Amino acid sequence: MLQLTYCVHPLAWTSRWSNASLDLIGRARELGFDMIEIPLLELDLVDPAAIRRRALDEGMQVCASTACDETHDPTSEDPAIRRQAREFLKRCIDMTAEMGGTVFTGVTYSAIGRRLNQMPDQRYWQWSAEVLKEAARHARPAGVTVGLEAINRYETFLVNTCNQALQLRELIDEPNIGIHLDAYHMNIEEDDFYSPTLKAAPYLCHYHMSESHRGVPGGGRVDWEQIYRALNDANYCGSVGMESFVEIVPAMQAASCMWRKMANSSDQLLSDGLKYLRKVHERVCPSTVTSAR
Ligand SMILES: [Mn+2]
């Protein structure tokens, strides 16, 4: 029985979360989502207590995500920057717990967009694992799982595939380290969609249901049926989320290299995409879809 919680990243509407964004929690619910993924990027702007209150009022669940940058990079050669990464991740974990979330995920293991001009040796894996071990130990008593999102080779040198995420997880060796897959990145890096999903499933903490061109799910190359079959075969019970954007600020556009409009509006993309995903869900695993609110 496949029980999924459908989540949305507010990147659809804004890249800076602040108290001015709180109404998006209700907007996400109106579009049919059960959970919202709070971006922890500019931490001073985020008010976890206000998020918790609003989410409770709206009957919404929350999770949180980030992408490390060069000022707090777990794989930095500079120990001071790695220390910054540890402190940053711990602060994100505290904020996740405070807003009522149990999953903190994303590019937690290295600075997004960082490129090397040589083969990354074992030191990079060790550095990342050391930082994440401490983060995981900090997160455990708070009931938070720390996710590792595998992303494509143009955006990180460390974790491009499900297998590499599992390797890093093994190196960290803490029970509350989760795996986070994203179909957009998998389309570039994996051989197929079924086997990595099945393999990650026991540790899966989140799944970005992004299309191969980051447009409306169902309109690109991703094999959604394989993904749902694997989730169903593995009895996955957790969140899957949409991470899409149309009206986006230049900084995000540059980071994601999205220079064309994939839908008329973010709301259109999200509601058409969610409708499609629920349809595949129902087709692959009949009558296991949690009743629409
Ligand atoms: Mn993603």
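See the structure above.
Along every chain, residues carry numbers that run from 1 in the direction the sequence is written. Local features in a predicted model are, by the rule used here, given only for residues with pLDDT of at least 70; side-chain atom pairs are given and counted only at 80 or more, and totals for whole chains, interfaces and linings are based on all residues. Derived side-chain values reflect all non-hydrogen atoms in the structure, with water molecules and hydrogen atoms excluded from consideration.

Asker: Help me understand the coordination of the manganese ion, please; the structure alone is not making it clear to me.
Answerer: For a metal with four tetrahedral donors the ideal donor-metal-donor angle is 109.5 degrees, whereas six octahedral donors ideally subtend 90 or 180 degrees. For the manganese ion, every protein donor is listed as Glu149 (OE), Asp182 (OD), His208 (ND1) and Glu243 (OE), and the spread of their distances is 2.1 to 2.4 Å. The donor set comprises N, O and S atoms within 2.8 Å of the metal, extended to 3.2 Å for Na, K and Ca; water molecules are omitted, so apparent gaps in a site may simply reflect that omission. Counting the intervening residues between successive donors of the manganese ion yields the motif E-x32-D-x25-H-x34-E. With glutamate 149 in strand S5 (residues 145-149) and aspartate 182 in strand S6 (residues 177-182), this residue pair connects regions lying 33 residues apart in the sequence. Only protein chains enter the accessibility calculation, which uses a 1.4 Å probe; a residue is then buried when its area is under 20% of its type maximum, exposed when over 50%, and partly exposed in between. In this structure aspartate 182 comes out as buried when scored by relative accessible area, which is 0%. Secondary structure elements are taken from DSSP: a helix is a run of H or I of four residues or more, a strand is a run of E of two residues or more, and numbering for both begins at the N terminus.

Asker: Looking at this model, I keep getting lost on unusual backbone geometry. Mind explaining?
Answerer: With the exception of glycine, the majority of residues adopt a negative phi angle, and the majority of peptide bonds are in the trans configuration. Phi is positive for aspartate 173, which is not a glycine, with a value near 60°. By secondary structure assignment, the location of aspartate 173 is in the loop between helix H5 (162-172) and S6. What makes aspartate 173 exposed here is its relative accessible area of 55%. Positive phi, normally seen in glycine, also occurs at asparagine 235, with a value near 55°. By the secondary structure assignment, asparagine 235 is in the loop between helix H8 (224-233) and strand S8 (237-242).

Asker: Mind showing me how you'd approach the pairing of S8 here?
Answerer: Regular strands place their side chains on alternate faces of the sheet. Along S8, five of the six residues are buried, which leaves the element largely enclosed by surrounding structure. In this description, strands pair whenever DSSP reports at least two bridges between them. Summarising the sheet, strand S1 (residues 3-8) and S8 pair through six bridges and their orientation is parallel. Residue pairing for S8: tyrosine 6 is matched across the bridge by valine 240.

Asker: Any chance you could explain the nonpolar core here in plain terms?
Answerer: Within soluble globular proteins, side chains that are nonpolar generally end up buried alongside one another. Only buried residues count toward a nonpolar core, which is a set of Ala, Val, Leu, Ile, Met, Phe, Trp, Tyr and Cys residues joined through side-chain atoms within 4.5 Å. Judged by nonpolar contacts, the single largest core of 87 residues is most densely connected at Leu40 and Leu168. Looking at this core element by element, the count peaks at nine residues for helix H4 (residues 122-139). Not counting residues within four places of it along the chain, the set of residues in contact with leucine 168 comprises Tyr109, Trp125, Ser128, Ala129, Leu132, Leu148, Leu158 and Val159. Among the nonpolar cores identified, the runner-up in size contains five residues, and Cys7, Met35, Val103 and Cys205 belong to it. Only heavy atoms enter the contact rule, under which two residues are in contact if any of them lie within 4.5 Å.

Asker: How should the packing of H8 against helix H10 (residues 266-284) be read in this particular structure?
Answerer: The relative placement of two packed helices comes down to the angle between their axes together with the axis-to-axis distance. All axes are obtained by fitting lines to C-alpha atoms, using only the stretch in contact for helices, and the reported angles, taken between N-to-C directions, cover 0 to 180 degrees. The interhelical angle for the contact between H8 and H10, taken along N-to-C directions, is 55°, at an axis separation of 9 Å. What the angle tells us is that H8 and H10 run oblique. Where H8 crosses over H10, the handedness of that crossing is right-handed. Contacts between H8 and H10 involve Trp224, Glu225, Tyr228, Arg229 and Asn232 from the first element and Tyr276, Leu277, Val280, His281, Arg283 and Val284 from the second. Orientation labels follow simple angle bins: below 35 degrees gives roughly parallel, above 145 gives roughly antiparallel, 65 to 115 gives roughly perpendicular, and whatever is left gives oblique. If you view the pair so one helix is near and one far, a crossing is left-handed when the near helix is turned anticlockwise from the far one by less than a right angle, and right-handed when it is turned clockwise.

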